[in-house]
Amino acid sequence: MSMSIVCKDKVSFKEIEKEIYAAHCKMAREDTAAILKMLDEELHETRDRSEYRDKGLRKTTIKTVYGEVEYSRHVYIARTDKGKNAAVYLLDKELGMDTIGLISTNLAEKIAEAATDVPFRKAASHVSNTTGQVISHAGAWNVVQAIGEKLAKEEKLLVKEFHNEQTRGNKETPILFEEMDGVWLKAQESGRKAPGMEVKVGTMYEGWKDTAGKRSTLAEKTVVAGVERSESFHEKWEAKIQSIYDPEKIGLRILNGDGGSWIHDEYDAGALQQYDRFHAVRLIRQKTSHDEAKADMLRLLREDKIDELIEYARMYFDSISTKENTPEENAAEELADFLEDHKDELARYKARDMHIPEPPEGILYKNMGVQENQNCTVITLRMKGKRKRWAEKSAANMVRLLYYRENKDLMDAVDRYTDGVVWTEPLKEKLSKPLSAAKVPLVEAEGNNRYYDTFNVHLPILDSSNPRTVQVFKRMIF
């Protein structure tokens, strides 16, 4: 292969790179098929023959980062708990392939990473162009849905443990800051125009890290999101809190929101409620027509003089009232009523007559209001704009992947559902020495291995994130 390239009159490095990459991907597919065959034979010999009756071999294909690997594995007939016969593939169970399908962990990670950044079509193109595996946008969508369904089961399990008081959290914090807001998505049309759906998003954190420069980062940030009823979201939210923290060791909980009816729930009844300052500023600007009055009210809000702000809003309404219900005076009345109704929530927590615990070393307590930015980075950039429309189930699964990614838990979750305990002790012994030519099919050309000329270049398989895979292939090839 290498000599055929060198003998050409003109050759580009791009062509050399593609040829070598294709050759090594082919090697990796053949080697993987050989390993799977060995493992299947090991399972075939050591199985409980009274429980699993062999019914022969069946061909299948697993998608990997170096292409589709075709191989055959034994199918067995076994009795279910209900006494019925069922087909069982022991190799699939051993490899963990009965989770989200016949797809390798490395490939699933690449698809999940790409699909949470860009639309499915672009994600599929990116994966196809950077690996030896060609996938369609529907294939990328299927992987996201499969992983999302698994994450949904994790959420339900966490909520079940919460209700059973099987909390696992043991952290403590003087203050737990909580913020919630919604992101509205357009729904796919089905017969008639669908209204859309709201993604509920919450961020919890312990304060701000004291970093050099003007920028600071949230300390111990955790995000939770979902397309669901408010009761379900709050159950999941509280379950997440109690999986991290001991609720009795949280000194003070402060909940910042935009006043939406779904934000307040019985679980956070003891939390200090604060109306989000961004939304308060926007409301004053929208409902006030006169620039001078607008500036005065914003100043009073900024100085946390809430009683004076409410009194000023009433005076402003009275000054423009004509008893004719004009849009201007209706807006002014709505503003005054709103400020009155949310009087106890408008002042920021630092301005209230209460004891604020001292922050731990290296932590700052600043003004809240980070949720709009979190909405953008976690949900909006991927799921809104450019005519994006979502089916509710598909949106819910994508949201799960996005907030798991933000919490840096996504790759671990993908590993859980695509990677089984592969290397049994008997197989380790068989792989302790390089595989023989009889076990790893090689194509001979004039008495030499046709891959010989490329053994000394970098192999893509050695970039695998799975250390066991790297070790096995090193033993096989070098």
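The preceding data block contains the structure.
So, how was this worked out
- Residues numbered from 1 in each chain as written.
- Predicted model: local features only at pLDDT ≥ 70, side-chain atom pairs only at ≥ 80, totals over all residues.
- Heavy atoms only, no water.
- Pairing = 2+ DSSP bridges.
- Helix = DSSP H or I, 4+ residues; strand = E, 2+ residues; numbered from the N terminus.
- Core = buried A, V, L, I, M, F, W, Y, C linked by side-chain atoms within 4.5 Å.
- Buried < 20%, exposed > 50% of the residue type's maximum accessible area, 1.4 Å probe, protein only.
- Contact = heavy atoms within 4.5 Å.

### As for the sheet that holds strand β6 (residues 207-209)
Spatially, three strands are ordered β7-β6-β11 in an open sheet, and the strand pairing comes out antiparallel. In this open sheet, the two strands that pair with only one neighbour each are β7 (217-219) and β11 (363-364). In terms of strand pairing, β6 meets β7 through three bridges, oriented antiparallel. Bridge pairing in β7 places G207 opposite A219.

### Some remarks on the nonpolar core
Ranked by internal contacts, the top residues of the largest apolar core, which has 60 residues, are I111, L185, V199, I379, M383 and W390. Looking at which element gives the most residues to this core, the answer is helix α14 (residues 392-406), with eight residues. I379 has contacts with V183, V199, V201, Q374, K384, V399 and L402, leaving out every residue within four places of it along the chain. The next biggest cluster of nonpolar side chains, apart from the first, holds 22 residues, and it includes A280, M297, I320 and A336.

### Quick look at the pairing of strand β5 (residues 197-205)
Among the nine residues in β5, eight count as buried, and that is most of the element. Of the strand pairs in this sheet, strand β4 (residues 171-185) and β5 are connected by nine bridges, and their pairing is antiparallel. Counted as the bridge partner of E178 is M204 from β5. Bridging between β5 and strand β8 (residues 222-226) involves five bridges; their strand directions are antiparallel.

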